[in-house]
Amino acid sequence: MSRLEAKKPPLFISNPLTKETLNQSLSLLSGILKSCYGPAGRLKQLHNGVGGYVCTTSQSSAILSRLSVSHPVLSVLTASVQNHISRFSDCGLFTAVLCCSLIENFKSLNVASCTVIKISKHLLSLCMDYLKSEACGCRVSVDFGSLETLLCLVRSVLTSKPACMLNKPEVDHLTMLILKAFLFTVPCHVEANAVLGKCIIIPVKGRRVVDSTVLPGLLIETPEIQWAKPLAVKRTCSNLIKIALFCVSMSGDLFNPEEGTIIVHHGISLEMAELNQLLNIGKQLVNDEVGLVVCQKVIHPSLKRYLKENHIMAVDRAGLSLMEPLSQMTGSKPIASIHSLSLSCYGSLKDVRVESFASKHFVHLIPHNTAVCSLILCNRNETAWDELKRACETAEHVLQLTIKEPLALLGGGCTETHLASYIRHKICSLSDSNFKDMDCSRTQYQLVADGFCRSLESVACSLNHDGGEVLTDMVYGHCWFVPSSFPSVSNWSDLVSKCGCGINGNTENLNWRLLQGQLGSPVIQGCLKDPSVKVADFLALDCFAAKCSGLQVALETANLILDISYVIKDQN
């Protein structure tokens, strides 16, 4: 008999933002995330404390999914950032670092939280209006008729993931492969309801990164393959290979007893009845001139043998993840029953080949007009491969988002410092009626705006992990990094050559100022000058959609947390 305990009352925590435990936890989380940010970010090793798999990473998707956060307020923050990552894949660390900085700066102000929230929403609308305007000086138009900007976008994603352990030739090689794979997935003929295809990543660990390659069509690993090259696969009279795609088991397994009771007459063998049904399906496939059978699960050995005798290739254990791209690529409809077949469920292929890569053997399915491709991705070890796979998936998603909205934002901290400079300039032109609408004073607005701008600038400063100075110029409002090996001097022009994004060179008098440790900043006289945006060999770019969303999510989450008055925690 179990012991009964009295139910404990819930724990009420009032004004959680004033508690020292939250301040310490927020500072710790912010420090962890900032230290991972950017191409020079420090790696983190995460494991569950009782052994098992160790993840080495600097990517937000891996860190936040494995990081245990006990404080309920911080759980709101991490859940919000993870939701952003699930939708956009990119700019997760930017979102998290900015959100932490906004909370720290806003709660240090002697301004009511409701006033801070109203003002910060106005500041966000100023930023979004500017970013979406033609006058924006920190965005770049993406021309899909030219490769330069697309290559910069992909390269920026790869170089921001140091745990991939890539050198420059490897980055260049993978950048071209990822872009090539993406272009394979773009339909050749645009229709009203055109859908992008899929890129399937095939893992090969223990090989050089430059051995990676991309192939049109789909590769299915078949360890037991013994077919000769070229394959003698049955073709139709029009020289096509007809394919049947099964998403049901063809192993001849009996019914699960949990599904109900089966009444069997005396002398009837369920195993033989099931096998006969499978062989009947095989006969129909032969009569319908099918040349390839792909099964998500297992095919009975007798059926495999029968199909092989009739020159039909049988591939089983394809797995659930390949069903959708197989259907999309071949036009076949997955068959969910072994008791009835329809001619309309078959698809077709241009060719089938056998490919060998490293110690692995694959069946290569080649379609007519490919919208599906296979990226054979290599790296030296499992840890680096896992990180590289995440980076490649992020880069592909960034390209998909960019094709919907062909814009990019300048990276390397330049968008953040440029936006901060723009906001400081913009608020000078606000009239008293604006403050009256928000029910705040000009002083309150300036305090919140300064906290907002310092938060943006702190994100840019987080890219610097080596102790050097971080500057911004008074002409373009871009971010510049001074190496730590040089002393602090007034003539910064001798120490910097390119801004963080790489678009501006040190070719004119830019009037520098320090970012770190400076609470305020001089207001730029006149409007910011827009740089002549011309894509260089290496320009650091960020996904427009992902960064705009990250900016919104960071500020809205910070406002939500600032508005929390009570935390009610169940203790049972």
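Residues numbered from 1 in each chain as written. Predicted model: local features only at pLDDT ≥ 70, side-chain atom pairs only at ≥ 80, totals over all residues. Heavy atoms only, no water.

> Can you explain the pairing of strand β9 (residues 290-295)? Please cite residues and give values.
Here β9 lies mainly inside the structure; six of its six residues are buried. After leaving β9, the chain enters helix α9 (residues 301-309) and then returns to the sheet as strand β10 (residues 313-315), a path that is right-handed. (Buried < 20%, exposed > 50% of the residue type's maximum accessible area, 1.4 Å probe, protein only. Helix = DSSP H or I, 4+ residues; strand = E, 2+ residues; numbered from the N terminus. Right-handed = clockwise from strand over helix to strand, strands pointing away.)

> Before we move on, can you summarise helix α12 (residues 414-426) with the specific residues and values?
Along an α-helix, a turn takes 3.6 residues, which lines up residues three or four apart on a common side. Its 13 residues give α12 an end-to-end C-alpha distance of 18 Å, which sits within 8% of 18 Å, the value for a rise of 1.5 Å per residue. Taking burial as the measure, the 13 residues of α12 include eleven buried ones, the bulk of the element. Buried residues of α12: C414, T415, E416, T417, H418, L419, A420, S421, Y422, I423 and R424, and no others. (Expected span 1.5 Å × (residues − 1).)

> So what's going on with the nonpolar core? Residues and values would help.
Judged by nonpolar contacts, the single largest core of 124 residues is most densely connected at L77, L123, L131, I423, Y445, F452 and L551. Shared between two domains, this core takes at least three residues from each, and those domains are domain 1 (11-138 + 410-569) and domain 2 (143-217 + 376-405). What F452 contacts, discounting residues up to four positions off in sequence, is L102, F106, L123, C127, I423, L551 and L555. If you look at the next biggest cluster of nonpolar residues, it comprises 28 residues, including L245, M313, L322 and V352. (Core = buried A, V, L, I, M, F, W, Y, C linked by side-chain atoms within 4.5 Å. Domains from an automatic or database assignment. Contact = heavy atoms within 4.5 Å.)

> Provide a residue-level description of a nonpolar patch on the surface, including the pertinent values.
A contiguous nonpolar patch, built from F12, Y566 and I568 and spanning about 380 Å² of accessible area, is present on the exposed surface. The topology assignment puts I568 in strand β20 (residues 566-569). By relative accessible area, which is 57% here, I568 ends up exposed. (Patch = residues over 30% accessible without salt bridge, like charges linked within 9 Å, V, L, I, M, F, W, Y side chains within 5 Å. Areas by Shrake-Rupley, 256 points an atom, 1.4 Å probe, with all protein chains shown as cover. Salt bridge = Lys/Arg side-chain N within 4 Å of Asp/Glu carboxyl O.)

> Can you tell me about the sheet that holds β10, naming the residues and giving the values?
An order of β10-β9-β8-β11 is seen for the four strands of this open sheet, with the pairing classed as mixed. Looking at strand neighbours, the two that pair on one side only are β10 and β11 (347-349), the edges of this open sheet. Put simply, the sheet's adjacent strands are angled 30° from each other on average, direction ignored. In this fold helix α10 (residues 323-330) packs onto β8 (241-246), β9 and β11, with an angle of close to 150° to the strand it touches most, β8. (Pairing = 2+ DSSP bridges. Axes fitted to C-alpha atoms, helices over the stretch in contact; angles between N-to-C directions.)

> Now, about the packing of aromatic side chains: what can you tell me, with residues and values included?
Counting across every chain of the model gives three aromatic pairs. The interplanar angle of 80° and the centroid separation of 4.8 Å between the aromatic rings of W480 and W512 together place this pair among those described as edge-to-face. Of the two residues, W480 is situated in strand β17 (residues 479-481) and W512 in strand β18 (residues 512-514); the sequence distance between them amounts to 32 residues. When sorted by exposure, W480 lands in the same class as W512, which is buried. Geometry around F357 places R207 over its ring, the cationic atom sitting 5.8 Å from the centre. (Phe/Tyr/Trp six-rings, centres within 6.5 Å; stacked < 30°, edge-to-face > 60°. Lys NZ or Arg CZ within 6 Å of the ring centre and 35° of its normal.)

> Account for the packing of helix α4 (residues 92-107) against helix α15 (residues 544-562), naming residues and giving values.
The interhelical angle for the contact between α4 and α15, taken along N-to-C directions, is 35°, at an axis separation of 8 Å. For α4 against α15, the interelement crossing comes out right-handed. Where α4 approaches α15, its residues F94, T95, L98, C99, L102, I103, F106 and K107 are matched on the opposing element by K547, G550, L551, V553, A554, L555, T557, A558, N559, I561 and L562. Among the residues forming the contact of α4 with α15, the class breakdown is 13 nonpolar, four polar and two charged. (Left-handed = near helix turned anticlockwise from the far one by under 90°. Nonpolar A, V, L, I, M, F, W, Y, C, P; charged D, E, K, R; others polar.)

> I'd love a proper account of the sheet that holds strand β7 (residues 218-221), names of residues and values included.
Here we have three strands laid out as an open sheet, ordered β7-β13-β12, and antiparallel in their pairing. A single partner strand is all that each edge strand has here, and the edge strands are β7 and β12 (351-357). Averaged over neighbouring strand pairs, the angle between their axes works out to 30° when direction is ignored. Relative to strand β13 (residues 360-366), β7 runs antiparallel, the two being bridged by four bridges. Counted as the bridge partner of E221 is F362 from β13.

> Can you break down the state of the cysteines residue by residue, with the values?
Evaluated as defined, the whole model comprises zero disulfides. Here C91 stays unpaired: no disulfide links it, and the sulfur of C543, its closest cysteine neighbor, is 6.5 Å away. The thiol of C199 is unpaired, and the distance to the nearest cysteine sulfur, on C373, comes to 3.9 Å. (Disulfide = S-S within 2.5 Å.)

> Please give an account of the pattern of salt bridges that cites residues and values.
Counted by the stated rule, this structure contains 21 salt bridges. Between E134 and R139 there is a salt bridge, with its nearest N and O atoms 3.3 Å apart. Close ionic contact of D542 with K547 constitutes a salt bridge, the shortest N to O distance being 2.7 Å. Of the two residues examined, D542 and K547, each falls in the buried class. Residues joined by salt bridges that share partners form a network here, namely R424, D450, R454, E457 and R513.

> Report on the domain arrangement of the chain, specifying residues and quantitative values.
Once the domains are mapped, the chain shows domain 1 (11-138 + 410-569), domain 2 (143-217 + 376-405) and domain 3 (219-256 + 267-369). Put simply, the middle of domain 1 and the middle of domain 3, counted by C-alpha atoms, are 53 Å apart.

> Could you give me a rundown of the side chain of T472, with the residues and numbers involved?
Residue position: T472 is located in strand β16 (residues 470-473). A distance of 2.8 Å separates a polar atom in the side chain of T472 from the backbone oxygen of H478. Beyond its immediate stretch of four places on either side in the chain, T472 contacts T417, S421, G477, H478, W480, N511, W512, R513 and L515. (Polar contact = N/O pair within 3.5 Å; in protein donor to acceptor, adjacent residues only side chain to side chain.)

> A description of unusual backbone geometry should follow, citing residues and the corresponding values.
One non-glycine residue, N239, adopts positive backbone phi at about 65°. With respect to the secondary-structure elements, N239 resides in the loop between β7 and β8. Judged by its relative accessible area of 48%, N239 is partly exposed. The backbone of H311 sits at a positive phi, close to 60°, despite the residue not being glycine. Structurally, H311 can be placed in the loop between α9 and β10.

> Which residues make up the pairing of β13, and what values do they have?
Within β13, five of the seven residues are buried, which leaves it mostly tucked inside the rest of the structure. Inspection of the sheet shows β12 paired to β13 by seven bridges, in the antiparallel sense. When the bridges of β13 are listed, V352 appears paired with L365. Where β12 folds back onto β13 in an antiparallel hairpin, the turn is made up of two residues, including A358, whose phi is positive at roughly 55°.

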